[in-house]
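Structural overview
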4 protein chains.
Amino acid sequence: MSVSSQSQPQLPPTGAITPKTALKATTEQWFEYPIKVQPHHTDYSGAVWHGTYLTWMESARVDYWQSMGIDFAELVKLGCDLPVVELSLRYHQAIRLGQEIIVKTRMNEIAGVRLNFDYRIDSPNAKELYVSGKVTLVAIDLEKGKIMRQLPPAVQDILVKLIQS
Amino acid sequence: MSVSSQSQPQLPPTGAITPKTALKATTEQWFEYPIKVQPHHTDYSGAVWHGTYLTWMESARVDYWQSMGIDFAELVKLGCDLPVVELSLRYHQAIRLGQEIIVKTRMNEIAGVRLNFDYRIDSPNAKELYVSGKVTLVAIDLEKGKIMRQLPPAVQDILVKLIQS
Amino acid sequence: MSVSSQSQPQLPPTGAITPKTALKATTEQWFEYPIKVQPHHTDYSGAVWHGTYLTWMESARVDYWQSMGIDFAELVKLGCDLPVVELSLRYHQAIRLGQEIIVKTRMNEIAGVRLNFDYRIDSPNAKELYVSGKVTLVAIDLEKGKIMRQLPPAVQDILVKLIQS
Amino acid sequence: MSVSSQSQPQLPPTGAITPKTALKATTEQWFEYPIKVQPHHTDYSGAVWHGTYLTWMESARVDYWQSMGIDFAELVKLGCDLPVVELSLRYHQAIRLGQEIIVKTRMNEIAGVRLNFDYRIDSPNAKELYVSGKVTLVAIDLEKGKIMRQLPPAVQDILVKLIQS
């Protein structure tokens with residue numbers, strides 16, 4: 001979680017920050033982030049520890065931003081953070097040490113300053129589904145420590161183009 | 001994720017492993033696990049990284065087992081694992097370096113070999129809610145690499161007593 | 001690593017920041033931090049992953065500060081950080097899921113703004129040694145992004161008393 | 001740490017497992033593993049947390065094995081583990097969110113079943129050194145829970161060729 005305000009503002013209820021009009025993705029295209037399971041990803045069971053997936057999902061998301069031309073570290077320097085405010089995951093099948101998998105993500109909705117991402121983790125041939133999930137981010141003004149009223153214009157333009165492509 | 005079979009059995013759809021009768025908790029009592037935020041829990045924002053909560057939630061759950069008389073490592077040695085198969089989290093408010101919080105959990109349902117836990121992370125005086133969530137575990141037979149047909153009897157007895165107390 | 005300057009100053013060579021007189025500990029007393037090994041501490045081998053120890057060592061160190069009356073988060077707010085600049089570890093014996101161990105630390109030297117800590121991780125009866133190590137911290141002025149010329153006076157007083165007790 | 005024996009054999013003192021003849025590397029060639037710093041790599045300071053480096057160093061080492069034709073997960077399946085028994089690190093300069101760096105490693109010595117690796121973490125142009133370190137692994141027979149008398153022949157052949165190339 002990455003809300004940077006010293007005063008720790010309570011996030012408003014979902015309804016309050018979701019505008020009536022939300023842009024839904026018109027594409028089925030996934031950004032792909034390949035992983036080969038390393039020792040530090042696993043637990044005593046020999047399979048990936050259930051929390052490790054969040055590191056992969058974050059890396060995939062940041063690289064996805066980068067592929068759109070948004071450098072996440074630059075965004076933070078400019079005073080805009082994008083913390084996770086909701087996530088849900090279903091673990092369908094274990095993934096084991098040394099296995100190769102593809103973390104797939106796509107932005108599927110822009111609802112004001114809330115951004116929704118879908119995730120799936122598949123085998124390279126896409127025949128096996130290991131994990132599916134959803135993550136919601138919200139844009140935070142780091143200086144004010146508050147949720148932004150609107151996305152930074154440069155980001156908004158890129159995201160709207162992406163979601164409508 | 002901790003399914004230990006070499007053959008990585010696909011978990012059946014939720015319906016298939018949920019019996020018609022589920023035991024719902026009749027108590028509102030929470031197990032409490034206090035934390036003071038350490039440097040390694042945080043990220044660049046100065047607040048707790050969103051994936052760190054899963055380590056706390058797991059530790060709270062294992063200590064909760066222990067408080068009921070179930071040693072998790074012993075259970076694994078006896079051939080029963082309890083991997084996470086579903087989780088969802090809402091992040092209401094950031095938690096910062098050095099802050100003291102209470103991770104609270106309780107088992108709220110036994111549905112065959114599926115166990116559902118509620119979570120909330122509160123300030124010590126319970127006036128601030130930082131995170132709320134749900135986690136579902138399922139019992140796995142480590143030797144067969146399959147979901148168990150029923151919980152080990154000793155565990156079943158303890159859990160049923162707990163949920164009905 | 002926690003040097004906060006935007007300009008990322010190169011740390012000077014060890015000699016340059018070690019004054020000729022260093023205060024050596026006159027006590028053999030250890031601060032003790034007990035741990036029971038959780039699933040997320042382990043890897044595929046069933047034993048603790050070698051990097052996990054650094055989280056325990058950090059938590060032990062921060063609680064040790066606290067026991068002396070130094071709140072680490074307050075220190076950071078006041079503009080002084082204490083990043084790790086050197087560490088070395090020897091792993092003598094594996095520690096397994098569910099095992100109880102004691103992380104022990106003590107400050108053994110103050111050399112200007114460099115602080116040296118010894119570590120050992122033992123069984124509760126102290127008959128088994130699992131890990132031994134050393135960590136060196138250095139005091140950083142967060143505003144200037146530079147190594148401090150001297151420790152903050154309040155900290156200096158506490159530490160000198162401690163090391164001479 | 002990855003020693004897999006249930007009986008947790010005490011590792012013998014260094015001398016006992018170091019044969020008189022050790023093969024020293026005759027090459028200065030480094031294996032390179034590039035990283036761009038992700039949010040989960042950082043701590044409250046905005047720089048990389050000092051323990052995060054161990055995950056990068058492990059990933060670099062496993063990919064280095066792979067580049068030589070040794071699949072680490074296969075090695076473990078065949079009953080040979082290679083836990084870390086010693087490590088030392090010097091942190092020269094902080095690395096910040098979004099920064100690109102190169103983790104470099106090379107095996108510099110085979111001393112019986114002990115393998116020594118050098119590490120350095122550099123800027124892409126190699127003008128800045130962020131971290132330098134050493135890691136020692138030892139080969140363990142997973143079935144017997146003991147240090148091997150000699151490396152598996154296939155591994156030995158590959159490593160000797162590598163170190164003498």
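Treat the numbers as computed from the prediction; the structure is a model and nothing was measured.

1. Quick word on the overall build of chain A
- Along chain A, the regular secondary structure elements total four helices and nine strands.
- Tracing chain A from N to C terminus, the helices and strands come up as α-β-β-α-α-β-β-β-β-β-β-β-α.
- Across the 165 residues that make up chain A, the buried fraction comes to 47%.
- Relative to all contacts within chain A whose residues are 6 or more apart in sequence, the contacts with residues 24 or more apart total 71%.

2. Here's the deal with the sheet that holds strand S3 (residues 80–81) of chain D
All names here are of chain D.
- Pairing is antiparallel in the open sheet, where three strands are placed in the order S3-S8-S9. Two strands lie at the open edges of the sheet, namely S3 and strand S9 (146–147), each paired on one side alone.
- As paired elements, S3 and strand S8 (residues 140–141) share two bridges and run antiparallel to each other. Residue pairing across strands places Asp81 opposite Ile140, the latter belonging to S8.

3. Brief notes about the sheet that holds strand S3 (residues 80–81) of chain C
- Spatially, S3-S8-S9 (chain C) is the arrangement adopted by the three strands of the open sheet, whose pairing is antiparallel. The sheet is open, and its two edges are formed by S3 and strand S9 (146–147) of chain C, each paired on a single side.

4. Notes on the interface of chain D and chain A
- Contact residues are listed per partner, giving 14 residues for chain D and 13 residues for chain A.
- Put simply, the parts of the chain that give the side of chain D that touches chain A at least two residues each are helix H2 (52–68) and helix H3 (72–77) of chain D.
- Here the element with the most residues in the side of chain D that touches chain A is H2(D); it accounts for four residues.
- Its residues assigned to classes, the side of chain D that touches chain A comprises six nonpolar, six polar and two charged.

5. Comments concerning the relation of the copies chain D and chain A
- The operation relating chain D to chain A is a screw motion whose rotation component is 180°, with 0.0 Å of axial translation and a residual RMSD of 0.0 Å. The relationship between the two copies is best expressed as a two-fold rotation axis. Scanning chain D for the C-alpha nearest the rotation axis identifies Thr55(D), at a separation of 5.9 Å.
- In this assembly, 93% of the residues forming the interface of chain D have copies in chain A that are likewise at the interface, indicating an isologous arrangement.

6. So, the pairing of strand S7 (residues 129–138) of chain C
All names here are of chain C.
- Pairing of strand S4 (residues 84–91) with S7, which is carried by seven bridges, proceeds in the antiparallel orientation. Across the sheet, the residue bridging to Leu89 is Gly133, located in S7.
- Pairing between strand S6 (residues 114–122) and S7: nine bridges, direction antiparallel. Its bridge partner lying in S7, Ile121 is registered against Val131.

7. Describing the environment of Ile110(C)
Residue and element names in this part refer to chain C.
- Counting through the fold element by element, Ile110 comes out in strand S5 (residues 100–111).
- Here the alpha-carbon distance between Ile110 and Leu82, two residues 28 residues apart in the chain, equals 13 Å.
- Here Ile110 is in contact with Ala22, Leu23, Leu115, Leu159, Val160 and Ile163, once residues within four sequence places are set aside.

8. Concerning the nonpolar core
- Ranked by internal contacts, the top residues of the largest apolar core, which has 190 residues, are Ala139(A) and Ala139(D).
- When residues no more than four places from it in sequence are discounted, the contact partners of Ala139(A) are Cys80(A), Leu82(A), Val113(A), Ile147(A), Met148(A) and Leu151(A).

9. What to know about unusual backbone geometry
- In this structure, Ala126(A) is a non-glycine residue whose phi angle is positive, near 65°.
- Along the chain, Ala126(A) falls in the loop between strand S6 (114–122) and strand S7 (129–138).

10. Re the environment of Gly98(C)
- Considering the arrangement of structural elements, one finds Gly98(C) in the loop between S4 and S5.
- In this structure Gly98(C) touches Asp71(B), Phe72(B), Ala73(B), Lys36(C) and Val37(C), once residues within four positions along its chain are discounted.

11. Looking at H2(D)
Residue and element names in this part refer to chain D.
- When the terminal C-alpha atoms of H2 are compared, their 25 Å separation across 17 residues agrees well with the 24 Å that a helix rising 1.5 Å per residue should span.
- Turning to H2, its buried residues number three or more, namely Thr52, Tyr53, Leu54, Trp56, Met57, Glu58, Ala60, Arg61, Val62, Tyr64 and Trp65.
- Two residues or fewer past H2, Gly69 is found with a positive phi of approximately 100°.

12. Side note on the confidence of the model for chain A
Residues and elements named next belong to chain A.
- Chain-level statistics for chain A give a pLDDT mean of 88 and a share of 87% at 70 or above.
- Scored below 50 in pLDDT, residues 1–10 shows 36 contacts in the model against residues more than four places distant or in partner chains.
- Low pLDDT, under 50, characterises residues 12–18; the predicted model gives this stretch nine contacts beyond four residues in sequence or across chains.
- Taken together, the chains of this predicted complex give a pTM of 0.89 and an interface ipTM of 0.87.

13. Observations regarding the environment of Arg96(A)
All names here are of chain A.
- Looking at where Arg96 falls in the secondary structure, it is placed in the loop between strand S4 (84–91) and strand S5 (100–111).
- For Arg96, a count of 21 C-beta atoms within 10 Å translates into the label buried.
- Arg96 sits 71 residues away from Ala25 along the chain, and the two C-alpha atoms are 33 Å apart.

What counts, and where the lines are drawn
- Residues numbered from 1 in each chain as written.
- Chains lettered and ligands numbered in written order.
- Predicted model: local features only at pLDDT ≥ 70, side-chain atom pairs only at ≥ 80, totals over all residues.
- Helix = DSSP H or I, 4+ residues; strand = E, 2+ residues; numbered from the N terminus.
- Buried ≥ 20, exposed ≤ 12 C-beta atoms within 10 Å, placed from the backbone.
- Contact = placed C-beta atoms within 7 Å.
- Pairing = 2+ DSSP bridges.
- Nonpolar A, V, L, I, M, F, W, Y, C, P; charged D, E, K, R; others polar.
- Least-squares fit on C-alpha atoms with pLDDT ≥ 70 in both.
- Core = buried A, V, L, I, M, F, W, Y, C linked by C-beta atoms within 7 Å.
- Expected span 1.5 Å × (residues − 1).
- pLDDT = per-residue confidence, 0-100.

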